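In case you want the letters, here they are:
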Number of protein chains: 2
Amino acid sequence: MTTLEKLSSNKAFGGELVKYKFKSAALGGLDARFNLFLPPNATNGKVPILYYLSGLTCTEDNGAQKGAFLGPASQEGIAILFPDTSPRGASIEGEEDDWDFGTGAGFYLNATNPKYAKHYNMLTHVTIEIPQVVEAAGLPIDSNRQSIFGHSMGGHGALTLYLNSVLSGQKQYRSASAFSPISNPTKCPWGEKAFKGYLQGGIEEAKDKYDATELIRKTNKEPLHVLVDYGTGDNFYQQGQLLPENFLKAARDAGYDEVQVRVRSQEGYDHSYYFISTFGADHIHFHANFLKA
Amino acid sequence: MTTLEKLSSNKAFGGELVKYKFKSAALGGLDARFNLFLPPNATNGKVPILYYLSGLTCTEDNGAQKGAFLGPASQEGIAILFPDTSPRGASIEGEEDDWDFGTGAGFYLNATNPKYAKHYNMLTHVTIEIPQVVEAAGLPIDSNRQSIFGHSMGGHGALTLYLNSVLSGQKQYRSASAFSPISNPTKCPWGEKAFKGYLQGGIEEAKDKYDATELIRKTNKEPLHVLVDYGTGDNFYQQGQLLPENFLKAARDAGYDEVQVRVRSQEGYDHSYYFISTFGADHIHFHANFLKA
């Protein structure tokens with residue numbers, strides 16, 4: 001039986017931001033942390049939930065502290081859950097050497113390379129384990145109303161988790177959005193490095209499971225609700241790590257118009273939380289359309 | 001001639017957050033940094049400016065990243081300048097030993113103890129030097145429209161700089177506000193330690209110059225515009241470091257009603273930026289009333 005341990009609590013925007021810890025089976029028995037923002041109306045009953053997946057090097061704190069999400073979520077009456085970005089302390093050789101692989105860089109997949117397969121299962125952690133733990137703890141969350149968003153590596157996570165849940169017919173999430181997502185990771189250095197490391201089948205395995213641009217080709221016109229923002233001043237965009245145009249083209253080729261898949265180019269904005277916070281309220285309100293429908 | 005060096009720039013809420021560095025005479029020739037948020041309308045002419053003074057251990061970044069000030073400031077068309085909290089790298093013995101004294105803890109005063117007097121002059125740095133440097137650089141700031149706010153040690157700074165500018169007749173700032181300010185520092189451990197360290201005259205010197213509760217007794221009913229928020233769940237409040245009731249009582253004794261000096265007790269909030277960000281927009285709009293009058 002998994003027990004949630006409350007590490008801290010901060011009142012915010014009339015609601016509460018609580019940090020929890022639990023022993024994660026999906027992450028090989030390591031301690032995992034997440035933050036959960038509960039809006040004021042959560043004291044009166046269950047509320048919809050939005051998952052926020054953070055980017056490379058981040059923890060469960062970055063989005064909660066810098067995203068400017070909590071105010072709009074409080075207004076809309078939506079909870080936000082902020083997972084960590086990888087297992088911590090697996091003691092795998094080389095795990096701490098790079099900022100874009102290993103600790104802080106779990107890429108929201110389930111590793112198949114035996115070296116990482118015991119611990120690096122952020123996909124199961126985020127999609128199955130955390131919802132179960134939240135449910136078992138009796139927290140006031142309506143698990144029939146889930147959506148997901150994220151930044152950079154977490155934007156990749158949000159889009160792929162969403163598209164896979166559409167493809168599987170499970171439809172766990174009602175909508176997905178992303179800031180500066182790694183949109184076509186099998187075609188960029190960050191993704192190539194991650195997939196070659198974590199996956200026994202390398203890039204080919206990733207094409208099938210973990211690439212938003214590849215996945216959207218297969219959705220067969222199933223209805224989608226996707227919003228993406230990226231900044232033209234983003235140096236990672238300029239270096240070809242994000243490739244949102246590839247995702248956009250694949251979406252249009254697959255028959256999605258801009259009502260279903262909206263990709264916005266934001267002039268002059270960069271990769272930082274200053275960009276994210278500028279459009280944070282937009283994303284919360286976007287998801288509220290579906291979470292509260 | 002002081003030159004401002006631009007270290008970085010981030011687009012935010014249609015405006016720009018720029019980090020600058022310059023050689024600070026007030027801080028004994030050390031490099032000093034600050035962040036300046038310019039709202040979108042600053043491209044068309046000069047805008048009013050609000051100074052934000054941060055708390056113990058902070059830098060010029062905390063308020064910019066976590067305060068949730070930039071969105072409302074963009075809407076109101078107000079610039080925000082975020083100074084650092086102390087000189088950095090003065091190489092004074094013991095300067096790095098404590099989190100509540102020395103580096104990161106300049107207390108917005110001018111030191112008179114010879115050990116610190118060359119470098120620890122955050123009062124001059126914030127009230128005179130930075131405005132001059134900003135003016136000399138030709139930045140689009142209307143220096144006739146300044147207000148000031150801050151958090152904790154920075155709330156102490158905002159209240160004392162404001163009240164001293166009223167007492168001197170200079171009226172540099174149109175309004176002041178504070179989150180969880182150290183309101184009566186000659187009566188609390190943080191203030192006692194700082195004043196005994198930095199000031200040759202110790203607590204007595206501080207009573208005369210650097211204690212908001214003492215200063216408001218002397219204002220002789222000069223019009224004031226002050227807003228203070230503190231949280232009842234703040235452990236530093238509970239420990240008697242903040243003493244906002246003493247400031248409130250002194251204000252009422254001096255004849256100020258709650259239109260002129262408003263002190264709000266916020267149920268359950270703590271000392272963190274989750275508290276500050278909850279009421280950040282309120283404070284920006286409060287200052288806008290006077291900055292745009």
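Calculation notes
Residues numbered from 1 in each chain as written. Chains lettered and ligands numbered in written order. Predicted model: local features only at pLDDT ≥ 70, side-chain atom pairs only at ≥ 80, totals over all residues. Heavy atoms only, no water. Salt bridge = Lys/Arg side-chain N within 4 Å of Asp/Glu carboxyl O. Helix = DSSP H or I, 4+ residues; strand = E, 2+ residues; numbered from the N terminus. Buried < 20%, exposed > 50% of the residue type's maximum accessible area, 1.4 Å probe, protein only. Core = buried A, V, L, I, M, F, W, Y, C linked by side-chain atoms within 4.5 Å. Contact = heavy atoms within 4.5 Å. Buried area = accessible area lost by both parts, 1.4 Å probe. Polar contact = N/O pair within 3.5 Å; in protein donor to acceptor, adjacent residues only side chain to side chain. Nonpolar A, V, L, I, M, F, W, Y, C, P; charged D, E, K, R; others polar. Least-squares fit on C-alpha atoms with pLDDT ≥ 70 in both. UniProt positions renumbered as here; feature names shortened; annotations may be inferred. Bend = angle between axes of the 7 residues up to and from the residue. Pairing = 2+ DSSP bridges. Phe/Tyr/Trp six-rings, centres within 6.5 Å; stacked < 30°, edge-to-face > 60°. Axes fitted to C-alpha atoms, helices over the stretch in contact; angles between N-to-C directions. Parallel < 35°, antiparallel > 145°, perpendicular 65-115°, else oblique.

A.B. asks: Before we go on, may I ask you to explain the pattern of salt bridges in this structure?
C.D. replies: Between side chains of opposite charge, a pair can form as their charged atoms come close. Residues and elements named next belong to chain A. Counting across every chain of the model gives 38 salt bridges over all chains. Notably, a salt bridge pairs D282 with R264, separated by 2.8 Å at the nearest N-O pair. Highlighted residues: D282 in helix α11 (residues 273–291) and R264 in strand β9 (residues 261–266), separated in sequence by 18 residues. Residue classification places R264 among the buried positions, given a relative accessible area of 18%. Among the ionic contacts, a cluster of salt bridges with common partners joins E5, K21, K23 and D31.

A.B. asks: Sorry, what's going on with the nonpolar core here?
C.D. replies: Inside soluble globular proteins, nonpolar side chains tend to come together where they are buried. F107, Y198 and F247 of chain B are the most contacted members of the largest nonpolar core, which totals 73 residues. The residues contacting Y198 of chain B, other than those within four sequence positions of it, are F101, G102, A105, G106, F107, L109, A111, T112, N113, Y116 and Y120 of chain B. In this structure, L27, Y116, V126 and A178 of chain A belong to the second largest nonpolar core, which totals 72 residues.

A.B. asks: Hey, could you run me through the interface of chain A and chain B in this one?
C.D. replies: Reports of interface size often rely on the accessible area that becomes lost once the parts have come together. Listed as interface residues are 20 residues of chain A and, on the opposing side, 20 residues of chain B. Taken together, both faces of the contact between chain A and chain B bury some 1,700 Å²; the carbon and sulfur share is 53%. It is K11, F13 and Y274 of chain A in chain A that bury the most area against chain B; as a group they hold 41% of the surface buried on that side. Counting every contact that joins chain A to chain B gives zero salt bridges. Summed over the shared surface of chain A and chain B, the result is twelve residue pairs in polar contact (both at pLDDT 80 or more). For the side of chain A that touches chain B, the secondary-structure elements that each account for two or more residues are β1 (5–12), α1 (62–66) and α11 of chain A. Among the residues making up the side of chain A that touches chain B, the classes are represented as eight nonpolar, eight polar and four charged.

A.B. asks: Please explain the relation of the copies chain A and chain B as it appears in this structure.
C.D. replies: Related by rotation about an axis and a shift along that axis, the two copies of the chain form a pair. Here chain A sits on chain B after a turn of 180° about the axis and a move of 0.0 Å along it, with an RMSD of 0.0 Å. Look at the turn and shift together and you get a two-fold axis relating the two. Using C-alpha coordinates, one finds that chain A approaches the rotation axis most closely at K66 of chain A, a distance of 2.6 Å.

A.B. asks: Help me understand the UniProt feature "active site" (unreviewed entry) in chain A, please; the structure alone is not making it clear to me.
C.D. replies: Residue and element names in this part refer to chain A. Per the UniProt record, the feature "active site" (unreviewed entry) sits at S152, D234 and H271. Taken along the chain, the residues just named run across 120 residues; in space they keep tight, none of their C-alpha pairs more than 11.0 Å apart. For S152, the location among the structural elements is in the loop between β6 (141–151) and α5 (153–167). For S152, a relative accessible area of 2% puts it in the buried group. For S152, the contacting residues outside a window of four places in its chain are G55, F179, S180, P181, I182, W190 and H271. With respect to the element layout, H271 can be found in the loop between β9 and α11. Judged by its relative accessible area of 12%, H271 falls in the buried class. With sequence-adjacent residues up to four places away left out, H271 is seen in contact with H151, S152, S180, D234, F236 and L242.

A.B. asks: Would you explain α11 of chain A in this entry?
C.D. replies: Three- or four-residue spacings in an α-helix give side chains the same orientation, since the helix completes a turn every 3.6 residues. Residue and element names in this part refer to chain A. Residue F279 marks the point of greatest curvature in α11, where the axis turns by about 45°. Burial analysis of α11 places 14 of its 19 residues in the buried class, the great majority of the element. A distance of 3.1 Å separates the backbone nitrogen of Y274 from a side-chain oxygen at the start of α11, and that oxygen is part of S272.

A.B. asks: Can you help me understand the pairing of strand β8 (residues 226–231) of chain B in this one?
C.D. replies: Along any regular strand the residues' side chains alternate between the sheet's two faces. Residue and element names in this part refer to chain B. Along β8, six of the six residues are buried, which leaves the element largely enclosed by surrounding structure. Residues of β8 alternate between two faces, with V226, V228 and Y230 on one and L227, D229 and G231 on the opposite face, all of them buried. Note that strand β7 (residues 176–179) and β8 share four bridges and pair parallel. Opposite F179, over in β8, you have D229 as the bridge partner.

A.B. asks: Would you mind going over the packing of aromatic side chains with me for this structure?
C.D. replies: Each aromatic ring pair is described using two quantities: the centre-to-centre distance and the angle formed by the ring planes. Residue and element names in this part refer to chain A. For the coordinates displayed, the defined rule picks out 46 aromatic pairs over all chains. Taken together, a centroid distance of 6.1 Å and an interplanar angle of 65° make the contact between F22 and F34 edge-to-face. You can see F22 sitting in strand β2 (residues 15–24) and its partner F34 sitting in strand β3 (residues 30–38), a full twelve residues away along the chain. Each member of the pair, F22 together with F34, is buried. An aromatic cluster of three or more residues is present, and its members are Y52, F69, F82, F149, F179, Y269, F275 and F279.

A.B. asks: Looking at this structure, I do not really get the packing of helix α6 (residues 189–198) of chain B against helix α7 (residues 202–209) of chain B. What am I missing?
C.D. replies: The angle between the axes and the distance between the axes are what describe a pair of packed helices. Residue and element names in this part refer to chain B. Contact geometry for α6 and α7: axes closest at 8 Å, N-to-C directions at 105°. In this view, α6 runs roughly perpendicular relative to α7, as classed from their interaxial angle. Across the interface between the two elements, E192, F195 and K196 from α6 touch G202, I203 and A206 from α7. Residues belonging to the contact of α6 with α7 are distributed by class as follows: three nonpolar, one polar and two charged.

A.B. asks: Hey, could you run me through the sheet that holds β1 of chain A in this one?
C.D. replies: Strand pairing in a sheet is mediated by backbone hydrogen bonds. Such pairs are either parallel or antiparallel. All names here are of chain A. Spatial strand order, β1-β2-β3-β5-β4-β6-β7-β8-β9: nine strands in an open sheet with mixed pairing. Each having just a single partner strand, β1 and β9 make up the two edges of the open sheet. With strand direction ignored, the average angle separating the axes of adjacent strands in the sheet is 20°. Taken together, the four bridges between β3 and strand β5 (residues 79–83) define a ladder with antiparallel strand orientation. Its bridge partner lying in β5, N35 is registered against F82.

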